[in-house]
Protein chains: 2
Amino acid sequence: MAKAQSEGKPSTRERLVETARQLFLARGFEATSVADILREARVNSGSLYYFFKTKEELLLAVLDLYVEKLHPWVLDPIFEREPDPIARVFAVLEGYRQMLSMTECRQGCPIGNLALEMSDRSEAVRERIALNFDNWRKAIRQCLLDAGDRLPSEVDADKLATFILTVMEGGVMQARAFRSAEPFDASVAMLRDYVGQLVKRAGE
Amino acid sequence: MAKAQSEGKPSTRERLVETARQLFLARGFEATSVADILREARVNSGSLYYFFKTKEELLLAVLDLYVEKLHPWVLDPIFEREPDPIARVFAVLEGYRQMLSMTECRQGCPIGNLALEMSDRSEAVRERIALNFDNWRKAIRQCLLDAGDRLPSEVDADKLATFILTVMEGGVMQARAFRSAEPFDASVAMLRDYVGQLVKRAGE
DNA sequence: GTCTATAACTCGATAGAC
DNA sequence: GTCTATCGAGTTATAGAC
């Protein structure tokens, strides 16, 4: 669908998608105007509408980019330095924690924002958001499966992965509302306790 | 601040706040226009701006209403029929589950939507959202304290209440994105397992 | 593919009569 | 307190030259 062209200076299309990605992340979809994107990307209106029929189509391209980049941008760097499958899960959560720190709790998960803003408004967008969550959940599930019998056999890896995503998103939401990482940290600490219990239960 | 007048037919001001509440819940703040609110409430522009200086002030009134109504609208009916403090917590979660069912997973927590959309855009709004979360968390914490020594003494009731809110919000988010209550149910089931473990730990 | 100019419309908010 | 009329800015998207 999208061109590769990951080398050399970015094309107009790439600049549009990347700029839109940043602005949608920082402000949301509605609060970002097409004019904002054009100014920031230094592209003219005609060019944008040459590549994308509507602003919503541009959002779809952004969501596709997130699916494509989850592994190279987010997971691969973490998994490279952390071989233990259970530690990997918490290292991923630590990554979101760092995003909160760096932005003074103004920026959390790029998908979560859009999920609540857009899920009801466009079915195409909702599907792409679900795809992003699916992608994330599957990666975490693989970590849990890699943990083998350190987790009890009756634990459903898919449901536990869903739970971990739930904790991440809910924690980020509260951190942003309180402008404090405390609720995120408290939630992750509880999750750690729970997973610790599960590991202990499996060892008995 | 706001008038009582909870009897008789609603005043113009009440109609505005209630209509705005419903529309902000269904569509979010940006996606709801002032014209939408006026049409739905059958109020003229001049009247709205007589009561509220800006659209944002109307949102603040909505958020104040939510703080005011958490107990009478949400908690009291549940607590009345469920005396057990730990069961109360899960009965509250069941209430949100019913909201998901009734709306085909289109509507979750009224505050969560606004938290992600508005936390960065207006400090006054963010503070009101934090107040709503605080209010909710305190009520749940009281349940946990009422459970007494059924929970281990080393468990911090405030942090566990934060965790429960995290699970609720994260579960609702995924349910909306997948248009399925499954992620919410899976998350609440895991939470139930965890709290069950804690109760067991306290009993040892 | 990119440019400028602008159409067609909606936005939040205001003025001033009643 | 409520009404109508409307302002001025900003919105997404398009037309047509280059």
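Residues numbered from 1 in each chain as written. Chains lettered and ligands numbered in written order. Predicted model: local features only at pLDDT ≥ 70, side-chain atom pairs only at ≥ 80, totals over all residues. Heavy atoms only, no water.

A.B. asks: Would you mind showing me how to read the environment of Ser-119 of chain A here?
C.D. replies: Looking at the secondary structure, you find Ser-119 of chain A in the loop between helix H6 (110–118) and helix H7 (123–146). With a relative accessible area of 0%, Ser-119 of chain A lands in the buried category. Ser-119 of chain A sits 66 residues away from Lys-53 of chain A along the chain, and the two C-alpha atoms are 20 Å apart. Ser-119 of chain A has contacts with Leu-114 and Arg-126 of chain A together with Arg-176, Ala-177 and Arg-179 of chain B, leaving out every residue within four places of it along the chain. Reaching out from Ser-119 of chain A, the side chain makes a polar contact with the backbone oxygen of Ala-115 of chain A at a distance of 2.6 Å. (Helix = DSSP H or I, 4+ residues; strand = E, 2+ residues; numbered from the N terminus. Buried < 20%, exposed > 50% of the residue type's maximum accessible area, 1.4 Å probe, protein only. Contact = heavy atoms within 4.5 Å. Polar contact = N/O pair within 3.5 Å; in protein donor to acceptor, adjacent residues only side chain to side chain.)

A.B. asks: Just checking my understanding: could you explain the packing of helix H8 (residues 157–178) of chain B against helix H9 (residues 182–203) of chain B for this structure?
C.D. replies: Residues and elements named next belong to chain B. The N-to-C vectors of H8 and H9 enclose an angle of 160°; their axes lie 7 Å apart at closest approach. Comparing their axes, H9 and H8 come out roughly antiparallel. Where H8 crosses over H9, the two elements pack in a sense that is right-handed. For the pair H8 and H9, the contacting residues are Leu-160, Phe-163, Ile-164, Val-167, Met-168, Gly-171, Val-172, Gln-174, Ala-175 and Phe-178 in the first and Pro-183, Phe-184, Ser-187, Val-188, Leu-191, Tyr-194 and Leu-198 in the second. Class assignment for the residues of the contact of H8 with H9 results in 14 nonpolar, 3 polar and no charged. (Axes fitted to C-alpha atoms, helices over the stretch in contact; angles between N-to-C directions. Parallel < 35°, antiparallel > 145°, perpendicular 65-115°, else oblique. Left-handed = near helix turned anticlockwise from the far one by under 90°. Nonpolar A, V, L, I, M, F, W, Y, C, P; charged D, E, K, R; others polar.)

A.B. asks: Teacher, can you tell me more about the relation of the copies chain A and chain B here?
C.D. replies: Taken together, a rotation about one axis and a shift along it account for how the two chain copies relate. Between chain A and chain B, the superposition needs a rotation of 180° and an axial shift of 0.0 Å, giving an RMSD of 0.0 Å. Viewed as a symmetry operation, the transformation between the two copies matches a two-fold axis. By C-alpha distance to the rotation axis, the residue of chain A lying nearest is Gly-170 of chain A, at 2.1 Å. When the interface residues of chain A are mapped onto chain B, 100% of them again lie at the interface, so the same face is used by both copies. (Least-squares fit on C-alpha atoms with pLDDT ≥ 70 in both.)

A.B. asks: Just checking my understanding: could you explain the interface of chain A and chain B for this structure?
C.D. replies: A common way to state how big an interface is: give the accessible area lost once the parts meet. Between chain A and chain B, the residue contacts involve 46 residues of the former and 46 residues of the latter. It is Leu-116, Met-173 and Met-190 of chain A in chain A that bury the most area against chain B; as a group they hold 17% of the surface buried on that side. Our count for the chain A to chain B interface comes out at 6 salt bridges. At the surface where chain A touches chain B, the tally comes to 18 residue pairs in polar contact (both at pLDDT 80 or more). Where the side of chain A that touches chain B is concerned, the elements lending two or more residues are helix H1 (12–27), H6, H7, helix H8 (157–178) and helix H9 (182–203) of chain A. Counting residues per element, the side of chain A that touches chain B draws most heavily on H8 of chain A, at 15 residues. (Buried area = accessible area lost by both parts, 1.4 Å probe. Salt bridge = Lys/Arg side-chain N within 4 Å of Asp/Glu carboxyl O.)

A.B. asks: Looking at this structure, I do not really get the protein's contact with DNA strand D. What am I missing?
C.D. replies: Residues in close proximity to DNA strand D total 14 residues, the closest being Val-34, Ser-45 and Lys-55 of chain A together with Thr-12 and Asn-44 of chain B. Here, DNA strand D places atoms within 4 Å of the protein, and 69% of those atoms are sugar or phosphate. At a separation of 2.9 Å, a phosphate oxygen of DNA strand D approaches a polar backbone atom of Val-34 of chain A. Asn-44 of chain B is positioned such that a nitrogen or oxygen atom in its side chain is 2.5 Å from a phosphate oxygen of DNA strand D. Counting only elements with at least two residues in the surface near DNA strand D, the list comes to helix H2 (34–41) and helix H3 (45–51) of chain A together with helix H3 (45–51) of chain B. Sorting elements by how many residues they give to the surface near DNA strand D places H3 of chain B first, with 4 residues. Here the surface near DNA strand D is composed, by residue class, of 5 nonpolar, 8 polar and 1 charged. (Near = heavy atom within 4 Å.)

A.B. asks: Is there a simple way to think about the protein's contact with DNA strand C in this case?
C.D. replies: Thr-12 and Asn-44 of chain A together with Val-34, Ser-45 and Lys-55 of chain B are the nearest of the 14 residues found near DNA strand C. The protein-proximal atoms of DNA strand C, defined as those within 4 Å of the protein, are 71% sugar or phosphate. With respect to DNA strand C, the side chain of Thr-12 of chain A contributes an N or O atom lying 2.9 Å from a phosphate oxygen. The contact in question runs from a phosphate oxygen of DNA strand C to an N or O atom on the side chain of Lys-55 of chain B, over 2.8 Å. Elements supplying a minimum of two residues to the surface near DNA strand C: H3 of chain A together with H3 of chain B. The greatest single-element share of the surface near DNA strand C, amounting to 5 residues, is contributed by H3 of chain A. The residue inventory of the surface near DNA strand C, partitioned by class, reads 4 nonpolar, 9 polar and 1 charged.

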